[in-house]
Amino acid sequence: MSRLKAACALALTTALALAAAPAHAAGHGHDSEPELVQTYAATRHYQHVKRAIRDDYLPAGPCTALPGEGAMGYHYIKQRLINSTDPVKPAAVVYHKDKQGRLRAGAVEWIVRDADQKVETDWDRPVMFGDRHFDGPEEIPGLGVVYTLHAWIFKDNPRGVFYPWNPRVTCP
């Protein structure tokens, strides 16, 4: 192979790898965890909301925001994946609107029901990605008392890949 072809092949491979990398691994200061790379690979086609809907991720209410913290966005939940702690099977994909008003994937989320359905207890708090503890428990209408874990793999979150609220996301 000529030097020019080898250089072009290397440049193309590098460009494709960076274009396909999840937000947390694309040079935004987050540790690249192998399980999150698997999550991204399994869910990247959900960047298009129509594909998520075809796979039974359904809208679950209005845009979610918390003043002073930012927003999560619009949750699309696949009911049969609630209680999943499989890195490649999140229960929700969370979308936000871009400047043109189109829905764009920002995060994925795992939702696990609290065993005793009491907000006061947390003896059954799930853990994923090594030592990452879920947030909660909290009561969410329609879901009961649950634990949640967000991973901002499609949109950079300056507060961290697992921080639930993203200051770069807003609700209308």
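Throughout, residues of each chain are indexed from 1 in the direction in which the sequence is written. Given that this is a predicted model, residues contribute local features only at a pLDDT of at least 70 and side-chain atom pairs are listed and counted only at 80 or more, while totals for whole chains, interfaces and linings are drawn from all residues. Excluding hydrogens and water, the side-chain values take into account all heavy atoms of the structure.

S.K.: When you look at the pairing of strand β4 (residues 92-97) in this model, what are you seeing that I'm missing?
M.R.: A regular strand carries its side chains on alternate faces of the sheet. Relative accessibility thresholds used throughout: buried, under 20% of the residue-type maximum; exposed, over 50%; partly exposed, between the two (1.4 Å probe, protein chains only). Each helix is a run of H or I in the DSSP string that is no shorter than four residues. Each strand is a run of E no shorter than two, and both are numbered from the N terminus. The buried fraction of β4 is high, at 5 of 6 residues. Two strands form a pair only when DSSP identifies at least two bridges running between them. Examined bridge by bridge, strand β3 (residues 70-77) and β4 share 4 bridges and lie antiparallel to one another. By the bridge assignment for β4, Tyr76 is matched with Val93. Sheet topology places β4 next to strand β5 (residues 103-113); 6 bridges connect them, and they run antiparallel. Each bridged residue has a counterpart across the sheet, and for Lys97 the counterpart in β5 is Leu103. Between the end of β4 and the start of β5, which pair antiparallel, lie 5 residues, with Gly101 showing a positive phi angle near 85 degrees.

S.K.: Help me understand the packing of aromatic side chains in this model?
M.R.: For any pair of aromatic rings, geometry is given as the distance between the ring centres together with the angle between the planes. Two rings from Phe, Tyr or Trp (for Trp, the six-membered ring) form a pair when their centres are within 6.5 Å of each other. A pair whose planes differ by under 30 degrees is stacked, one over 60 is edge-to-face, and the rest are tilted. What the rule picks out here adds up to 5 aromatic pairs. Ring centres of Tyr76 and Tyr95 lie 5.2 Å apart, and the angle between their planes is 80 degrees; this geometry places the pair in the edge-to-face category. Of this pair, Tyr76 sits in strand β3 while Tyr95 sits in strand β4, and the two are 19 residues apart along the sequence. The same class applies to Tyr76 and to Tyr95, which are both buried.

S.K.: Explanation requested: the side chain of Glu109 in the structure shown.
M.R.: Position of Glu109 relative to the elements: it lies in strand β5. In this count, Lys and Arg are taken as positive residues and Asp and Glu as negative ones, while His and the chain termini are left out. By convention in these notes, a salt bridge is any Lys or Arg side-chain nitrogen within 4 Å of a carboxyl oxygen on Asp or Glu. At 12 Å, Arg125 is the nearest oppositely charged side chain to Glu109, a buried residue that forms no salt bridge. Any pair of nitrogen or oxygen atoms within 3.5 Å is treated as a polar contact; in protein, a donor-acceptor pairing is required on top of that, and neighbouring residues in sequence qualify only through side-chain atoms on both sides. Among the polar contacts made by the side chain of Glu109, one reaches the side chain of His75 at a distance of 2.9 Å. Here Glu109 is in contact with His75, Pro90, Ala91, Ala92, Val94, Thr148, Leu149 and His150, once residues within four sequence places are set aside. Pairs of residues are marked as contacts when any of their non-hydrogen atoms sit within 4.5 Å.

S.K.: How should the nonpolar core be read in this particular structure?
M.R.: Taken as a class, soluble globular proteins show a tendency for nonpolar side chains to be buried jointly. Within this scheme, the nonpolar core is defined by two criteria: the residues are buried Ala, Val, Leu, Ile, Met, Phe, Trp, Tyr or Cys, and they are joined through side-chain atoms within 4.5 Å. Tyr95, Trp110 and Ile111 are the most contacted members of the largest nonpolar core, which has 33 residues in total. Breaking this core down by element, the ones donating at least two residues are α2 (34-43), α3 (49-54), β3, β4, β5 and β9 (144-151). Formed by 7 residues, the second largest nonpolar core is a distinct cluster that contains Ala71, Val94, Ala107 and Val169.

S.K.: So what exactly am I meant to see when it comes to the environment of Tyr76 here?
M.R.: Classification of Tyr76 by relative accessible area gives buried; the value is 9%. Separated by 23 residues in sequence, Tyr76 and Ile53 place their C-alpha atoms 8.0 Å apart. Leaving out residues up to four positions away in the same chain, Tyr76 has contacts with Val49, Ile53, Tyr57, Leu58, Pro59, Ala91, Ala92, Val93, Tyr95 and Leu103.

Everything listed here is a matter of coordinates, which is why it stays silent on function.
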